[in-house]
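Structural description and commentary
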Amino acid sequence: MSEAVETDLYGALGGEAALRQLVARFYALMDELPEAYVIRKLHQDDLGSAREKLFEYFSGWLGGPPLYESKYGHPRMRARHMPFAIGVAERDAWLLCMAQAFDETLPPGPARDAFWERVVALADWMRNREG
Ligand code: HEM
């Protein structure tokens, strides 16, 4: 992986427009895919605020403007997920939607690969119960 990708993933991925497309497709898939029902049912009927927040979070997490943090304070994403039981099935359903959204919206290349590696690790770290 080149140093430029390492230090500016946000820019290498295509910035705000690319991340907005990614999260829009991600939540549309969560809404549509039968395999995602296990996590869809944990979310509010309207996915609009989740979509906006995930975009804002990714923005800062990838080295772009820290939009989530400036609105809500330190992300503490694992703590914020404690109200939801997240095991292997929930992690995998979340990653299924994200993998398809990645394939459909981000051009293949080292930036996408680096982002994917980090997303998989983050989703795994979000697990808060066995099984
Ligand atoms: C890389 C992994 C993940 C990231 C980056 C992420 C990110 C986020 C963000 C930014 C929010 C909004 C938090 C807020 O209210 O301020 C959120 C909410 C939520 N997340 Fe995740 N999440 C991840 C994994 C998961 C997984 C595996 C599940 C599986 C159940 C999950 C379920 C939820 C639910 C149920 C909400 C509440 C949404 C609502 O308000 O309706 N998340 N997540």
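Counting starts from 1 at the beginning of each chain's written sequence and moves along it residue by residue. Local features in this predicted model are restricted to residues of pLDDT 70 or higher, and side-chain atom pairs are both shown and tallied only at a pLDDT of 80 or more, whereas totals for entire chains, interfaces and linings draw on every residue.

Focus: the nonpolar core
Note the following rule: Put simply, a nonpolar core is buried Ala, Val, Leu, Ile, Met, Phe, Trp, Tyr and Cys residues tied into one set by C-beta atoms within 7 Å. Exposure is read from a count of other C-beta atoms within 10 Å of each residue's own; the residue is exposed at 12 or fewer, buried at 20 or more and partly exposed in between. C-beta atoms are placed from the backbone. Runs of H or I in DSSP of at least four residues are treated as helices and runs of E of at least two as strands, each being numbered from the N terminus. Contacts here follow a simple rule: the backbone-placed C-beta atoms of the two residues must lie within 7 Å.
Residues Leu-9, Leu-13, Leu-22, Phe-26 and Cys-97 are the most contacted members of the largest nonpolar core, which totals 20 residues. Only helix H2 (9-13), helix H3 (15-32), helix H5 (48-61), helix H8 (88-105) and helix H9 (110-125) provide two or more residues apiece to this core. No other element matches the five residues that H3 contributes to this core. Leu-9 has contacts with Leu-62, Gly-63, Ala-111, Ala-114 and Phe-115, leaving out every residue within four places of it along the chain.

Quick look at the site of the ligand
For clarity, the threshold we go by: Each residue receives a C-beta atom built from its backbone; the residue is near a molecule or strand if that atom lies within 6 Å of it.
Close to the ligand lie 21 residues; Leu-42, Gln-44, Lys-53, Trp-94 and Leu-122 are nearest. For the shell around the ligand, the secondary structure elements donating two or more residues are H5, helix H7 (77-80), H8 and H9.

So, H8
This is how it is decided: Each residue after the first adds 1.5 Å to the expected span of a helix. It is the directions from the helix axis to the C-beta atoms whose arc is reported.
Here H8 spans 25 Å end to end across 18 residues, near enough to the 26 Å set by a 1.5 Å rise per residue. Three or more residues of H8 are buried, namely Glu-90, Cys-97, Met-98 and Ala-101. Down the axis of H8, the buried side of the element spans an arc of 95 degrees, and every buried residue falls inside it. Within H8, the exposed residues directed more than 90 degrees away from the buried face are Val-88 and Asp-103. Buried residues in H8 make contact with H3, helix H4 (37-40) and H9.

Describing the packing of H8 against H9
As a reminder, the rule being used: For helices, the fitted axis covers only the stretch in contact; all axes are lines through C-alpha atoms, and the angles between them, taken along N-to-C directions, range from 0 to 180 degrees. An angle below 35 degrees is treated as roughly parallel, one above 145 as roughly antiparallel, one from 65 to 115 as roughly perpendicular, and anything else as oblique. Two helices crossing with the near one rotated counterclockwise from the far one by less than a right angle form a left-handed crossing, whereas a clockwise rotation gives a right-handed crossing. Polar here means any residue outside two lists: the nonpolar Ala, Val, Leu, Ile, Met, Phe, Trp, Tyr, Cys and Pro, and the charged Asp, Glu, Lys and Arg; Gly therefore counts as polar.
Between H8 and H9, the shortest axis-to-axis distance is 10 Å and the interhelical angle comes to 165 degrees. Considering the angle they form, H8 stands roughly antiparallel to H9. Two packed elements cross with a definite hand, and for H8 against H9 that hand is right-handed. On the side of H8, the interface is formed by Arg-91, Trp-94, Leu-95, Met-98 and Phe-102, while H9 contributes Arg-112, Trp-116, Val-119, Val-120, Ala-123 and Asp-124. Per-class residue counts for the contact of H8 with H9 are eight nonpolar, no polar and three charged.

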